[in-house]
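Summary of structural features
These are the residues of each chain, in order.
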Amino acid sequence: MKIFVTGGAGYIGTHTCVELIQAGHEVIVADNLCNSKKEALDKVTEITGKGIGFYEIDVTDEKEVEKIFKENQIDGVIHFAGLKAVGESVAKPLMYYYNNLVSTMVLAEACIRHKVGRFVFSSSATVYGDNTVPFREDMNLLPTTNPYGETKAMSERILTDAASANEGFGVTLLRYFNPVGAHESGLIGENPNGIPNNLMPFVTQVAKGKREYLSVFGNDYDTVDGTGVRDYIHVVDLAKGHVKAIEKLKEGVNVYNLGTGKGTSVLELVQAFEEGNGIKVPYEICPRRPGDIASCYADASKALDELGWTAEKDIMDMVKDSWKFENGLTE
Ligand code: NAD
Ligand code: UDP
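What this report covers is the structure whose coordinates are included nearby. (Residues numbered from 1 in each chain as written. Chains lettered and ligands numbered in written order. Predicted model: local features only at pLDDT ≥ 70, side-chain atom pairs only at ≥ 80, totals over all residues. Heavy atoms only, no water.)

Let us look at the overall build of the protein chain. Assigned secondary structure in the protein chain consists of 11 helices and 14 strands. Taken against the 2.2 N^0.38 rule, which gives 20 Å for 331 residues, the C-alpha radius of gyration of the protein chain at 19 Å falls within 12% of a compact globule. In the protein chain, the proportion of contacts linking residues at least 24 apart, taken out of those at least 6 apart, comes to 80%. Of the accessible surface of the protein chain, which amounts to about 14600 Å², a share of 49% is contributed by carbon and sulfur atoms. (Helix = DSSP H or I, 4+ residues; strand = E, 2+ residues; numbered from the N terminus. Rg over C-alpha atoms; globule rule 2.2 N^0.38 Å. Contact = heavy atoms within 4.5 Å. Areas by Shrake-Rupley, 256 points an atom, 1.4 Å probe, with all protein chains shown as cover.)

Turning next to the site of ligand 1. Around ligand 1 lies a shell of 26 residues, among which Asp 31, Asn 35, Ser 36, Lys 84 and Asn 99 are the nearest. The separation between an oxygen atom of ligand 1 and a polar side-chain atom of Asp 31 is 2.6 Å. A distance of 2.9 Å is found between a nitrogen atom of ligand 1 and a side-chain nitrogen or oxygen belonging to Asp 58. In the complex, 95% of the free accessible area of ligand 1, which totals 820 Å², lies under the protein chains. Sorting elements by how many residues they give to the shell around ligand 1 places strand S5 (residues 118-124) first, with 3 residues. (Near = heavy atom within 4 Å. Polar contact = N/O pair within 3.5 Å; in protein donor to acceptor, adjacent residues only side chain to side chain.)

Before going further, it helps to spend a moment on the site of ligand 2. Within the structure, ligand 2 sits among 14 residues, and Leu 199, Ser 215, Arg 230, Arg 289 and Asp 292 are positioned closest to it. Take Leu 199: an N or O atom from its main chain is 2.9 Å from an oxygen atom of ligand 2. For ligand 2, a nitrogen atom lies 2.7 Å from a polar atom in the backbone of Ser 215. Look at ligand 2: alone it shows 520 Å² of surface, and the protein chains cover 87% of it. Broken down by element, the residue count for the shell around ligand 2 peaks at 4 residues, all from strand S8 (residues 214-217).

In a regular helix each residue adds 1.5 Å, so 19 residues correspond to 27 Å; helix H6 (residues 147-165) covers 27 Å between its end C-alpha atoms and thus fits that length. Of the residues making up H6, those classed as buried are Pro 147, Tyr 148, Gly 149, Thr 151, Lys 152, Ser 155, Glu 156, Leu 159, Ala 162 and Ala 163. Contacts from the buried residues of H6 go to helix H4 (86-91), helix H5 (93-113), S5, strand S6 (170-176) and strand S11 (253-258). The opening residue of H6 is Asn 146, an N-cap whose side-chain oxygen sits 3.2 Å from the backbone nitrogen of Tyr 148. (Expected span 1.5 Å × (residues − 1). Buried < 20%, exposed > 50% of the residue type's maximum accessible area, 1.4 Å probe, protein only.)

Bringing a negative patch on the surface into the picture now. A cluster of like negative charges, contributed by Asp 58, Asp 61, Glu 62 and Glu 109, occupies part of the molecular surface. The class for Asp 58 is partly exposed, based on a relative accessible area of 30%. (Patch = residues over 30% accessible without salt bridge, like charges linked within 9 Å, V, L, I, M, F, W, Y side chains within 5 Å. Salt bridge = Lys/Arg side-chain N within 4 Å of Asp/Glu carboxyl O. Lys, Arg positive; Asp, Glu negative; His and termini not counted. Charge placed at Lys NZ, Arg CZ, Asp CG, Glu CD.)

Right, let's talk about the side chain of Asn 72 for a bit. With respect to the element layout, Asn 72 can be found in the loop between helix H3 (62-71) and strand S4 (76-79). Within polar-contact distance, the side chain of Asn 72 engages the side chain of Lys 2 at 3.0 Å.

Another point: the sheet that holds strand S12 (residues 264-265). Pairing is mixed in the open sheet, where 3 strands are placed in the order S12-S9-S14. Of all strands in the sheet, those with a lone pairing partner are S12 and strand S14 (295-296), marking the two edges. (Pairing = 2+ DSSP bridges.)

This next bit is on the pattern of salt bridges. Evaluated as defined, the whole model comprises 15 salt bridges. With a closest N to O distance of 3.6 Å, Glu 26 and Lys 2 form a salt bridge. Placement of Glu 26 in strand S2 (residues 26-30) and of Lys 2 in strand S1 (residues 2-6) is noted, with a sequence separation of 24 residues between them. On the accessibility criterion, Glu 26 (46% relative accessible area) is partly exposed. The buried category is assigned to Lys 2, whose relative accessible area is 16%. Between Asp 42 and Lys 38 there is a salt bridge, with its nearest N and O atoms 3.0 Å apart. The class for Asp 42 is partly exposed, based on a relative accessible area of 38%. Through salt bridges that share partners, Glu 66, Lys 70 and Arg 113 make up one connected network.

Below, the structure is given as structure tokens:
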């Protein structure tokens, strides 16, 4: 199939391009490079030996999107393009609602106009809010604590309504848990600008000596050791989940968790990183981070039953591949 990947130069997008190409699909990418670099796609070509059609455009721009649909016989869209920094979304809500919602609507409309029946959307476990773990796809969604999370819940709603109203337009909503790790080649991975918000990039930067210590946000949660528990998933497993999702996409609305089903606490992750890489990660216990929940992990059985997908890599693979990528960075 010819797959149109929006946000394909980003962290999850590049890994998914690799897996799509390796599964025999053709890929075209649109990205405005607001949080990525074109070189990341050159690395995808280096890994796969295959070129990628690239459009440097903003996917909220209806005219530019229409041009791409006219120029290409697209079989499916995977929509990664979006802004994702939770704190920034609180400071700049309109920018987040505009970018993340308009892009979704423009792309869905183009699909319906051009009779493209497969649309895969990057949602997030954040839509479950503070439900009881493990999170299952049939749970009621609860309010999230920030505009970023709301854009995910609203996009799910918009796409659900669009799929219900338009025969032949099928949508799969993928709720990611916590993507970490990097490609085994060490060529692509996550390299956030500025101070990382997420745990794993912060841990690798502390290990590297770029930052003095890790702040552990709270050790008084009702969890195994008091620190927050999350379902970390290797980005290559996540990418493979997208290949299955687009290949097996059924008409109507399909929802899947992409997680491992296993929770890991902050201190367990730090310990795994230290053991796996033989390097110390100094940390300090700090106050809780506002908006955090104690535990978040998936019931991952639906994706296995219906897509035949399950995560294969474990926490050791994740900490080792993250460290390998950090060490390959030049700046
Ligand atoms: P990323 O920032 O690395 O990739 C997103 C890409 O989209 C970037 O290359 C950026 O330049 C591009 N982009 C943003 N707005 C655009 C626009 N209007 N037009 C064109 N390109 C645009 O982020 P990622 O971690 O790869 O995340 C991909 C998707 O998955 C996002 O929608 C994100 O919200 C979602 N998601 C990510 C996580 C996570 O922890 N990484 C978790 C759940 C959901
Ligand atoms: N966390 C932490 N220190 C950091 C970053 C994160 O202790 O510098 C904790 C955070 O409180 C949460 C877990 O690590 O319990 C995962 O946080 P992340 O931001 O990576 O993901 P999210 O909270 O969005 O699931």
